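Tertiary structure, described
This is what each chain is made of:
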Amino acid sequence: MEKKLRRAMMFMPGNNPAMLQNAGIYGADTVIFDLEDAVAISEKDAARHLVHNAIKTFNYPCEVAIRINHIQTPYGVDDLKVVLAAKPDLIRLPKAESPSDIEEVDAIISQAEERYGFAPGSISMMAAIETAKGLRSAYEIATASPRMVALAIGGEDFIADLKTTRSKDGKELFVARSQLLLAARAAGIDAIDTVFSDINDEETFVNEVNLIKQLGFDGKSVINPRQVRIVHQIFAPTEKEIAHAERVIAAYKAAIERNSGVINLDGKMIDTPMVLRAERVLAYAKSVKK
Ligand SMILES: CC(=O)SCCNC(=O)CCNC(=O)[C@H](O)C(C)(C)COP(=O)(O)OP(=O)(O)OC[C@H]1O[C@@H](n2cnc3c(N)ncnc32)[C@H](O)[C@@H]1OP(=O)(O)O
Ligand SMILES: O=C([O-])CC(=O)C(=O)O
Ligand SMILES: [Mg+2]
């Protein structure tokens, strides 16, 4: 099965009807309708129903995710009660700290799938790690349910938990990003980087997207349509990368025909991991073009 792309996952407040209506037009791989921190407590109930109706009404051309409130707040269970009936593709649990958070949400989703006649397992889950405590259990959280498709880092809350501030080069998040990436990779699921809040600082945003791509992340949470285009551009393999990958595969095939194990391409040794990476570049380029 072809891998699902989750390059830009775009948040919007669940109580903003205009944004919900236009959510699908900006090309994000995933839209995230937020019921958590972007929605005031007095608006929680209205937002749930608005999000439910939007999913039922608009035929979004992308993955549809909902960020619910944490399951142990007074709002999380009610969020699920209302929105699951609309069959979102993905539930994002914020501030996950233990596998039991995931198990609790998983159980409620299973009940809803049965009640509404949805295929078992058809609603996926992801979790955002936003505290040092959550990061210590990242692998257990990632593997707590077969529904889990991604771990994200929630950098704003994480930095508050670290008791520091956010710098332009993100040094304070470096270890957390690396550890989260390792946990996601060990679990075989996607790793998604945090939002970048200063939508007018394009230069720092571009540097940050290049950094997280190099670290190995699959995508980034974003908060504005302008950020979607930048993330998608940076994640797309360049013509040069595609041409190189094609030459690696061709050299590998030619070597197999010659029964030769060692391949030399432009003076550089090519071996199995490089062939795997070249295959991944070509598969990625193919899915990006669609
Ligand atoms: C730390 C966290 O928890 S982050 C997650 C929660 N936060 C959010 O969901 C915030 C999402 N983002 C936003 O609300 C907005 O982008 C803001 C407030 C940051 C900036 O808003 P604006 O100044 O209006 O942005 P901008 O001028 O670029 O908007 C251009 C258009 O895109 C729309 N738009 C902006 N952001 C979004 C979005 N996230 N989703 C959908 N549409 C959006 C605007 O409504 C506007 O539409 P229009 O031209 O039809 O009027
Ligand atoms: O999960 C995210 O990217 C946004 C968020 O809540 C945070 O940074 O605290
Ligand atoms: Mg947060």
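As the structure is a prediction and not an experimental result, all values here were calculated from the model.

Conventions adopted
Residues numbered from 1 in each chain as written. Chains lettered and ligands numbered in written order. Predicted model: local features only at pLDDT ≥ 70, side-chain atom pairs only at ≥ 80, totals over all residues. Heavy atoms only, no water. Core = buried A, V, L, I, M, F, W, Y, C linked by side-chain atoms within 4.5 Å. Buried < 20%, exposed > 50% of the residue type's maximum accessible area, 1.4 Å probe, protein only. Contact = heavy atoms within 4.5 Å. Near = heavy atom within 4 Å. Polar contact = N/O pair within 3.5 Å; in protein donor to acceptor, adjacent residues only side chain to side chain. Areas by Shrake-Rupley, 256 points an atom, 1.4 Å probe, with all protein chains shown as cover. Helix = DSSP H or I, 4+ residues; strand = E, 2+ residues; numbered from the N terminus. Nonpolar A, V, L, I, M, F, W, Y, C, P; charged D, E, K, R; others polar. Salt bridge = Lys/Arg side-chain N within 4 Å of Asp/Glu carboxyl O. Arc of directions from axis to C-beta. Domains from an automatic or database assignment.

**Focus on the nonpolar core**
If you look at the biggest cluster of nonpolar residues, it comprises 65 residues, and the most contacted ones within it are Phe33, Ile91, Val105 and Leu151. Among residues more than four places away in sequence, those in contact with Leu151 are Ala127, Ile129, Ala138, Ile141, Ala142, Leu180, Ala183, Ala184, Ile189, Asp190, Ala191 and Ile192. In this structure, Phe11, Ala65, Ala152 and Ile192 belong to the second largest nonpolar core, which totals 11 residues.

**As for the site of ligand 2**
Taken together, Phe11, Arg67, Arg92, Glu130, Ile153, Gly154, Gly155, Glu156, Asp157, Thr194, Val195 and Ser221 make up all the residues around ligand 2. A distance of 2.8 Å is found between an oxygen atom of ligand 2 and a side-chain nitrogen or oxygen belonging to Arg92. In the model, an oxygen atom of ligand 2 is placed 3.1 Å from a nitrogen or oxygen of the Gly155 main chain. Contact with the protein chains hides 95% of the accessible area of ligand 2, taken as 270 Å² for the molecule alone. Element by element, the count of residues in the shell around ligand 2 is highest for helix 7 (residues 155-162), at three residues. Here the shell around ligand 2 is composed, by residue class, of three nonpolar, four polar and five charged.

**Quick notes on the environment of Arg115**
For Arg115, the location among the structural elements is in helix 4 (residues 99-116). Arg115 gets classed as exposed once you look at its relative accessible area, which sits at 56%. Along the chain, Arg115 and Ala85 lie 30 residues apart, while their C-alpha atoms are 9.0 Å from each other.

**Describing the pattern of salt bridges**
Throughout the structure, instances matching the rule amount to 23 salt bridges. In this structure, Lys95 engages Asp157 in a salt bridge whose closest nitrogen and oxygen atoms are separated by 3.5 Å. Highlighted residues: Lys95 in the loop between strand 4 (90-93) and helix 4 and Asp157 in helix 7, separated in sequence by 62 residues. Lys95 sits in the partly exposed class, given a relative accessible area of 23%. Put simply, Glu208 and Lys220 hold a salt bridge, and the shortest N to O gap is 2.6 Å. One end of the pair, Glu208, is in helix 9 (residues 202-215); the other, Lys220, is in strand 8 (residues 219-222), with 12 residues separating them in the sequence. One network of salt bridges, with partners in common, ties together Asp34, Glu36, Asp37, Arg67, Lys95 and Asp157.

**Side note on helix 7**
When helix 7 is considered as a whole, its buried residues turn out to be Gly155, Phe158 and Ile159. In an axial view of helix 7, the angular spread of the buried residues amounts to 95°, which keeps them on one side of the axis. Looking at the buried residues of helix 7, the elements they touch are strand 5 (124-129), helix 5 (132-136), strand 6 (148-153) and helix 8 (174-187). Lys163 occupies a position one or two residues after helix 7 and carries a positive phi of about 65°.

**Considering the domain arrangement of the protein**
Split by domain assignment, the protein resolves into domain 1 (8-235) and domain 2 (239-289). Just the C-alpha atoms count here: the centres of domain 1 and domain 2 sit 34 Å apart.

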